Amino acid sequence: MKKIQMVDLKGQYEKIKSEIDSSIINVIESTAYINGPEVHGFQKELEDYLGVKNVIPCANGTDALQIAMMGLGLEQGDEVITVDFTFAATVEVIALLKLTPVLIDVEKDTFNMDLDALKKAITPKTKAIVPVHLFGQCANMEEILKIAKEHNLYVIEDTAQAIGADYTFSDGTVKKAGTMGHVGTTSFFPSKNLGCYGDGGAIFTNDDDLANTIRGMVNHGMYRRYYHDVVGVNSRLDSIQAAILRIKLPLLDGFCDARRSAAEFYSNALANHPNIATPVISDFSTHVFHQYTLQIVNADRDALHKHLLDNNIPNAIYYPVPLHSQKAYEDERYNEDDFKVTNKLIGTVLSLPMHTEFDEEQLAFITKTILDFLK
Ligand SMILES: *Cc1c(COP(=O)(O)O)cnc(C)c1O
């Protein structure tokens, strides 16, 4: 059996090696290393794929979130609501910009933003909501957008884990993850569903004015060369990464399908076990399985984690510490009673290997090892 990897980037690369290698060489020979035609080409192709008017490429997914918040004109003291159960980047940029993070709990089945907690957290100082489409499935955007509209709040979708997911509204309209709120952000970190071979990110918006503001902000606040109208940052997607992404973007739907079929194998094998809750798929969103995350209930999750490692099956706990308990983000405003679900999830979640290159023998070995252990 092939060695099992948490994310098999090498196996994926080998299938597209000749196109990738020649596209990289082309960029090197062109010397258009920054903001070259590859970046512009990728931008247009991603706009088409997402069905969004504007894509602004940038250096990584964390910058994308920060620049989105700068572009919306959020200011010191503004409250920004996001989830307690996510990667720290989301809350990090809120804090860096001296905005006030307001962390809220998630739903126990989907791991996404809890709507009651959201309603409860809104105050007159609230300016924005940042739903994170965690593990590859959209949060309940229809309700979040409704709540945002009622309270006149911006919605920034953190789509780092869910690029390619489709959301269906109750009137039948289908939109891509990241294109429903005022602005969406994503990451092209190598292990993300659409990953480059270094760092990369992008911001999406249908608002042309906001797009224009953001385009200058990613480039030192310049709207005209050497005229700096606002304080900006230097955050660019480089041409080599864009060239790689142009090859991988047409493959994204196939990558999502491959992830979904691995997830289906896992769920079929592990369903109906009393100690295992397999991922729940909402009826309004497709799932692109950035992670395949089980909840291990009434059994020793940590012992299973170690048993799998001992059997050369990589697996991970995303996330082991709630953000409100992290040293950097602790705050006396928070009350443990408000984080019942997250506090529980950190002790039950277990993410299995997930990528585009499995063979069935590997998946069968993984599920058998889990079932044998929990017997
Ligand atoms: C990966 C990730 C980010 C940050 O992306 P980088 O490109 O690593 O900066 C932000 N939010 C979430 C939910 C992520 O998973």
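What counts as what
Residues numbered from 1 in each chain as written. Predicted model: local features only at pLDDT ≥ 70, side-chain atom pairs only at ≥ 80, totals over all residues. Heavy atoms only, no water. UniProt positions renumbered as here; feature names shortened; annotations may be inferred. Pairing = 2+ DSSP bridges. Helix = DSSP H or I, 4+ residues; strand = E, 2+ residues; numbered from the N terminus. Contact = heavy atoms within 4.5 Å. Axes fitted to C-alpha atoms, helices over the stretch in contact; angles between N-to-C directions. Polar contact = N/O pair within 3.5 Å; in protein donor to acceptor, adjacent residues only side chain to side chain. 1 Å grid on protein atoms, 1.4 Å probe; cavity = no way out; pocket = protein on both sides within 12 Å on 5 of 7 lines; lining within 4 Å. Points joined across faces, edges and corners; volume = space filled by probe spheres on them. Nonpolar A, V, L, I, M, F, W, Y, C, P; charged D, E, K, R; others polar. Domains from an automatic or database assignment. Salt bridge = Lys/Arg side-chain N within 4 Å of Asp/Glu carboxyl O.

As annotated in an unreviewed UniProt entry, the protein carries the name DegT/DnrJ/EryC1/StrS family aminotransferase and comes from Urechidicola vernalis. For the protein, the Sequence similarities (unreviewed entry) comment in UniProt is given as "Belongs to the DegT/DnrJ/EryC1 family."

Draft legend 1. Seen up close, the sheet that holds strand E12 (residues 276-277). Read across the open sheet, the 3 strands follow the order E12-E13-E14; overall the sheet is antiparallel. Each edge of the open sheet is held by one strand with a lone partner, namely E12 and strand E14 (349-352). Note: E12 against strand E13 (residues 292-296), 2 bridges, orientation antiparallel. Residue Ile 276 lies in a different strand from E13, and its bridge partner there is Ile 296. Relative to the sheet, helix H10 (residues 301-310) contacts E13 and E14, its axis offset from that of E14 by approximately 20°.

Draft legend 2. Geometry of the environment of Ser 170. For Ser 170, the position within the fold is in the loop between strand E6 (166-168) and strand E7 (174-176). Separated by 114 residues in sequence, Ser 170 and Phe 284 have C-alpha atoms that sit 8.1 Å apart. A distance of 2.6 Å separates polar atoms of two side chains, one belonging to Ser 170 and the other to Glu 142.

Draft legend 3. Quick peek at empty space enclosed by the protein. Tallying each qualifying case throughout the model produces 1 cavity of 30 Å³ or more. Its boundaries defined by the atoms lining it, the largest cavity holds a volume of some 70 Å³. In terms of lining, the largest cavity is formed by Val 7, Asp 8, Leu 9, Gln 12, Pro 190, Ser 191, Lys 192, Asn 193, Lys 248, Arg 259, His 355 and Thr 356. Looking at the lining of the largest cavity residue by residue, the classes come out as 3 nonpolar, 5 polar and 4 charged. When residues of the lining of the largest cavity are assigned to domains, at least three fall in each of domain 1 (9-104 + 111-249) and domain 2 (251-373).

Draft legend 4. Examining the domain arrangement of the protein more closely. What the domain assignment reports for the protein is domain 1 (9-104 + 111-249) and domain 2 (251-373). Relative placement of domain 1 and domain 2: their C-alpha centres are 24 Å apart. Listed by partner, the interface residues are 44 residues for domain 1 and 35 residues for domain 2. The interface formed by domain 1 and domain 2 holds 2 salt bridges in total. For Lys 15, the salt bridge identified is with Glu 357, shortest N-O distance 2.5 Å. Counting only elements with at least two residues in the side of domain 1 that touches domain 2, the list comes to helix H1 (9-30), helix H4 (89-96), strand E3 (100-104), E6 and helix H8 (239-248). No other element matches E3, which puts 5 residues into the side of domain 1 that touches domain 2. A breakdown of the residues in the side of domain 1 that touches domain 2 according to their chemical character gives 24 nonpolar, 12 polar and 8 charged.

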